[in-house]
Amino acid sequence: MALLQRGRCCGAAATTSLRRLVRGPQGRVCGSHVCSQYRASSSLPDEKKEFLQNGPDLQDFVSGAFSDKSMWAEYKGNLKRQKGERLRLPPWLKTDIPIGKNYNKLKSTLRSLNLHTVCEEARCPNIGECWGGGEYATATATIMLMGDTCTRGCRFCSVKTAKNPPPLDLNEPYNTAKAIAEWGLDYVVLTSVDRDDILDGGAEHFAKTVSHLKERNSKILVECLTPDFRGDLKAVEKVALSGLDVYAHNVETVPELQRKVRDPRANFKQSLQVLKHAKKVQPDLISKTSIMLGLGETDEQVYSTMKLLREADVDCLTLGQYMQPTKRHLKVEEYVTPDKFKHWEKVGNELGFHYTASGPLVRSSYKAGEFFLKNLVEKRKTKVI
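Residues numbered from 1 in each chain as written. Predicted model: local features only at pLDDT ≥ 70, side-chain atom pairs only at ≥ 80, totals over all residues. Heavy atoms only, no water.

## With respect to unusual backbone geometry
So, step 1. Positive phi, normally seen in glycine, also occurs at M146, with a value near 70°.
So, step 2. Residue D313 is not a glycine yet carries a positive backbone phi of 70°.
So, step 3. Summarising the element assignment, D313 is placed in the loop between α14 (299-311) and β11 (316-321). (Helix = DSSP H or I, 4+ residues; strand = E, 2+ residues; numbered from the N terminus.)

## Things to note about the pattern of salt bridges
So, step 1. Counting across every chain of the model gives 16 salt bridges.
So, step 2. In this structure, the salt-bridge partner of D245 is K214, at a minimum N-O distance of 2.9 Å. Taken together, the residues span a long stretch of sequence, with D245 in the loop between α11 (233-240) and β9 (246-248) and K214 in helix α10 (residues 203-216) at a distance of 31 residues.
So, step 3. K288 is paired through a salt bridge with E223; the nearest N and O atoms lie 3.2 Å apart. Residue K288 is located in strand β10 (residues 286-293), and its partner E223 is located in strand β8 (residues 221-225); the two are separated by 65 residues in the primary sequence.
So, step 4. K288 gets classed as buried once you look at its relative accessible area, which sits at 2%.
So, step 5. Through salt bridges with shared partners, a single network forms among R152, D194, D196, D228, R230, D263 and R265. (Salt bridge = Lys/Arg side-chain N within 4 Å of Asp/Glu carboxyl O. Buried < 20%, exposed > 50% of the residue type's maximum accessible area, 1.4 Å probe, protein only.)

## Some words on the packing of aromatic side chains
Two descriptors summarise a pair of aromatic rings, namely the distance from one centre to the other and the angle between the planes of the rings.
So, step 1. Enumeration according to the criterion identifies one aromatic pair in this entry.
So, step 2. Relative to F229, the ring of F206 has its centre 6.4 Å away and its plane inclined at 85°; by these criteria the two rings are edge-to-face. Taken together, the residues F206 in helix α10 and F229 in the loop between β8 and α11 connect sequence positions 23 residues apart.
So, step 3. Judged by relative accessible area, which is 3%, F229 ranks as buried.
So, step 4. Note that R310 overlies the ring of F353, its terminal NZ or CZ placed 5.8 Å from the centroid. (Phe/Tyr/Trp six-rings, centres within 6.5 Å; stacked < 30°, edge-to-face > 60°. Lys NZ or Arg CZ within 6 Å of the ring centre and 35° of its normal.)

## A word on the packing of helix α13 (residues 268-281) against α14
If you want to describe how two helices pack, look at the angle between their axes and the distance between the axes.
So, step 1. Relative orientation of the contacting elements α13 and α14 amounts to 35°, with a least axis distance of 10 Å. Mapping the contact onto sequence places F268, L272 and L275 in α13 and T305, L308 and L309 in α14.
So, step 2. The residue makeup of the contact of α13 with α14, split by class, is five nonpolar, one polar and no charged. (Axes fitted to C-alpha atoms, helices over the stretch in contact; angles between N-to-C directions. Contact = heavy atoms within 4.5 Å. Nonpolar A, V, L, I, M, F, W, Y, C, P; charged D, E, K, R; others polar.)

## Details of α11
So, step 1. Those residues of α11 that fall on the buried side of the exposure criterion are A235, V236, V239 and A240. Axial view of α11: buried residues confined to an arc of 135°, hence all on one face.
So, step 2. Residues of α11 that are buried make contact with α10, β8, β9 and α13. (Arc of directions from axis to C-beta.)

## Observations concerning the nonpolar core
So, step 1. Within the largest apolar cluster, 31 residues are counted, with the highest numbers of intra-cluster contacts made by I180, L190, V222 and Y247.
So, step 2. Looking at this core, the elements with two or more residues in it are β4 (142-145), α9 (172-183), β7 (187-192), α10, β8, α11 and α13.
So, step 3. Core analysis: the next-biggest nonpolar cluster, separate from the first, contains 30 residues, V261, L309, A312 and V332 among them. (Core = buried A, V, L, I, M, F, W, Y, C linked by side-chain atoms within 4.5 Å.)

## Focus on the confidence of the model for the chain
So, step 1. The predicted model of the chain has a mean per-residue pLDDT of 75, with 63% of residues at 70 or higher.
So, step 2. Below pLDDT 50 for its whole length, residues 1-42 participates in 48 contacts with residues either more than four positions away or in separate chains.
So, step 3. Within the model, pLDDT remains below 50 along residues 131-138, and this stretch shows 22 contacts once partners closer than five positions in the same chain are excluded. (pLDDT = per-residue confidence, 0-100.)

Printed below as a string of C-alpha cells:
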C-alpha cells in the first residue's frame, strides 16, 4: 500500500500506469498480463484460491477503501515465533512513508548543521508522524549527540558501533541549540550513543547542550535520554543538575533478558541506580524509562519489572513493540497485540506511574512533546504533584 501511495504522488506517471489497467473477469481490475487469475493460481490449495478470489483487489487499494486498519482486526497470522521461523509484520505495525513540509524542513536543518537523530539512526517507525507533526501538529525530533557511532553493541540496536569513534564535535552543543531555536519547538529530547571512550561518558557534553538551549529559550522543556555512563554517578549528577526537566534512561527489557538483549557492560541493576540517583540529586525531575516487548519475556516478568521501576520512584514508563532492524539483530519472538498493550497501560496506571504510554509503535521518545507530558512537567514545577 505504501508503494501505491508513493505512486499517487508521482502524478502523471501514476495516471499513465492506471490507464493501462483493464477490467478482468468478475469485475476485477488487473493488468493485461495478469488477467488469467485461475491459471496463475492453479497450483495453489483450494483454501488459498478462495482467499485470493474473495480478498481485496487492486481497486480496493486505489480507492483507499483498504486503508482503514480496523479492517485488519481479525488478523489470523502467527504472533509467536516457532523455531526456525521469521514472523511476518502484522498490520498494526505498518506505517506510512514519511512526507510533509515539517519532515523535509527538519531533515534539511539537521544535514546543514551536521546533526544526527536517533529517529534516523535507529530506523524509528514513527519518524513521519513525529517529524511531520502528527495529530497535534507538534514536530518532535530526538537529537542524538556525540556522533552516530556507539562504543557498545546491543543486539536490538541498528546504530553503528566502533571501539574508538571519532572525537566529539565541540560545536555540537551550540549547533543543536541553534537548530532547535529555528524549529520553534517547545519540547525537545536529547539522547546519545554510548561513549565509553570518554572519561565522563559525555556527561559534560549533555550539560553544555542543555545550558545552551535554556539560554536561548528558558521556557523550552528539555528531556535527556542518557546512557548509563558505566554506572558513574558523578556523571549522572552532572546531567541531572544541568537544568533539564525530564531525566530518561532505558532499562530496555526485563532483568531476565538483559544479557541476551543488551551489551555485557549494561545491566538492569546499573540502569535502575542511574534513575534513582538522578531523582536523589534533583527531586523535582521527572524520571522516565522504557521497555521493549516481544523479546521472549513473560507476563509475570513484565509485571515484576514494572513494580521494581515504580518502587524506584520512576515517574513515566513507555512500553513498545521490539522490531528487528536488520537480519543481524535479534529476531522478534512475539508480536504483542494492541489489546495487550492497553492492558499494560492500565497496569501502569494502577501501579502509580504518572504517565504510562503503551502501544505497538510507542518508543521512548515517541510524541515526547505531547500535551500530557508537558503538563506533567509544569505541574511538578509548581509543586502540584
